[in-house]
Amino acid sequence: MVLLAASLTASCIPQGKATPGSRATAHPTIVSLNPCTDAILAEVADPAQILAISHYSKDPRSASMDARLASALPATRGTVEEVLALKPDLVLGSTFIDPATASAYQRLGLRLETLGMASTIEASRDQIRQIAALSGHPDRGEALIARIDAALAAAAPPAGARPIETVVWQSGGMVPGDGTLIVDLLRSTGYTNFAAARGLGQADLLPLEKMLADPPELILVAGQTAETGKGDDRVLSHPALKALNKTRRATLNPKLLYCGGPTLIAAAQRLAEVRNSSPARGGGPSQMVEGHSR
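Residues numbered from 1 in each chain as written. Predicted model: local features only at pLDDT ≥ 70, side-chain atom pairs only at ≥ 80, totals over all residues. Heavy atoms only, no water.

Draft legend 1. Region of interest: the side chain of T37. Of note, T37 is situated in helix α2 (residues 35–44). Residue T37 is classed as buried on the basis of its relative accessible area of 3%. In this view, T37 contacts S32, L92, L115 and I131; residues no more than four positions away in its chain are not counted. (Helix = DSSP H or I, 4+ residues; strand = E, 2+ residues; numbered from the N terminus. Buried < 20%, exposed > 50% of the residue type's maximum accessible area, 1.4 Å probe, protein only. Contact = heavy atoms within 4.5 Å.)

Draft legend 2. Structural detail: the environment of L220. Along the chain, L220 falls in strand β10 (residues 218–222). Sequence spacing of L220 and T251 is 31 residues, and the spatial spacing of their C-alpha atoms is 5.5 Å. Beyond its immediate chain neighbours, meaning those up to four positions away, L220 contacts T166, V167, V168, W169, L186, A250, L252, L271 and V274.

Draft legend 3. Summary view of the nonpolar core. Among the nonpolar cores identified, the biggest contains 49 residues, and L92, L185, L220, L252 and L271 are the most heavily contacted of them. Ranked by residue count, the leading element in this core is helix α11 (residues 263–276), at 8 residues. (Core = buried A, V, L, I, M, F, W, Y, C linked by side-chain atoms within 4.5 Å.)

Draft legend 4. Fine view of the confidence of the model for the chain. Summarising the model, the chain shows a mean pLDDT of 83, and 82% of its residues fall at 70 or more. Within the chain, helix α1 (residues 2–11) has the poorest average pLDDT of any element, 37, and helix α7 (residues 138–155) the best, 98. Predicted confidence is poor over residues 225–232, with pLDDT under 50, and the contacts of this stretch with residues over four places away or in other chains come to 9 contacts. Here residues 281–286 is a poorly scored stretch, pLDDT under 50, and it has 18 contacts once near neighbours within four places are set aside; other chains count. (pLDDT = per-residue confidence, 0-100.)

Draft legend 5. Spotlight on the pairing of strand β5 (residues 112–115). Pairing analysis gives 4 bridges linking strand β4 (residues 90–94) to β5, with the strands arranged parallel. Counterpart to V91 in the pairing with β5 is L112. For the handedness criterion, the β-α-β arrangement of β4, helix α5 (residues 99–107) and β5 is classed as right-handed. (Pairing = 2+ DSSP bridges. Right-handed = clockwise from strand over helix to strand, strands pointing away.)

Draft legend 6. Region of the structure containing the pattern of salt bridges. By the definition in use, this model includes 11 salt bridges. Among the salt bridges present, the one from E122 reaches R125, with a minimum N-O distance of 2.7 Å. In this pair, E122 and R125 are both assigned in helix α6 (residues 121–135), 3 residues apart and thus about one turn of the helix distant. Classification of E122 as partly exposed rests on a relative accessible area of 40%. In this structure, D149 engages R125 in a salt bridge whose closest nitrogen and oxygen atoms are separated by 2.9 Å. On the criterion of sequence distance, the pair formed by D149 in helix α7 and R125 in helix α6 is long-range, its members being 24 residues apart. One salt-bridge network, in which partners are shared between bridges, spans E122, R125 and D149. (Salt bridge = Lys/Arg side-chain N within 4 Å of Asp/Glu carboxyl O.)

Structure below.
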């Protein structure tokens, strides 16, 4: 019975990965557990290497990658049993992964690499290089970075242009603080963080009353998603905002706020589009500039 139990336990561990003699793989098979790494991995790895992306990337409310690309890849909810059954060479997870889950992966012989949330454009470049190197395709990482840098260069403001004082207003009136990726993008594309200049930090709330009393030049409305529901976002479309006849409003897809990688391209393009529709370029105050960025 003891021998049988040992045999069954051994059969649950991916062979060739939990043993000291496991061979190095130039192009490892990979499971990704969060939407930000999903999007980068899909750009730099061969499809056959990607055993699964996270289930978040199958949901348009939380995906950060192209929907058609996500639909072509298998997905996992990230349970230990699911991931173990796939027998990957490598698991890409977030630094927020449950410690018990991370410990289980390691005990079972799975290599786990955790990545934090990139808070700057440069940090996103570093993550791309890290994931590309782990997948065995560093050249593809550099190619993606070149595409991002080209998009950022195209979205840069004209020389000498004055930055636009801007609030990114999220569901429930929440605003991003300095030290976040979206704020770094704002600065790169011709904006300043109006909320941070008034002492607000990451995930602080900017009440409607304060917005009316001290309005910015531009409100980027990043709310009313299927995830939050319109009930949380009534403040973002409150009729009182019409009184701000010197403040423009534009929409910003909330999926562009958090992930780096290829998401930076779409975010930079949208921010340039909004900036170029300013009154000096034919837009007008208090208008809602719609966009179709993913």
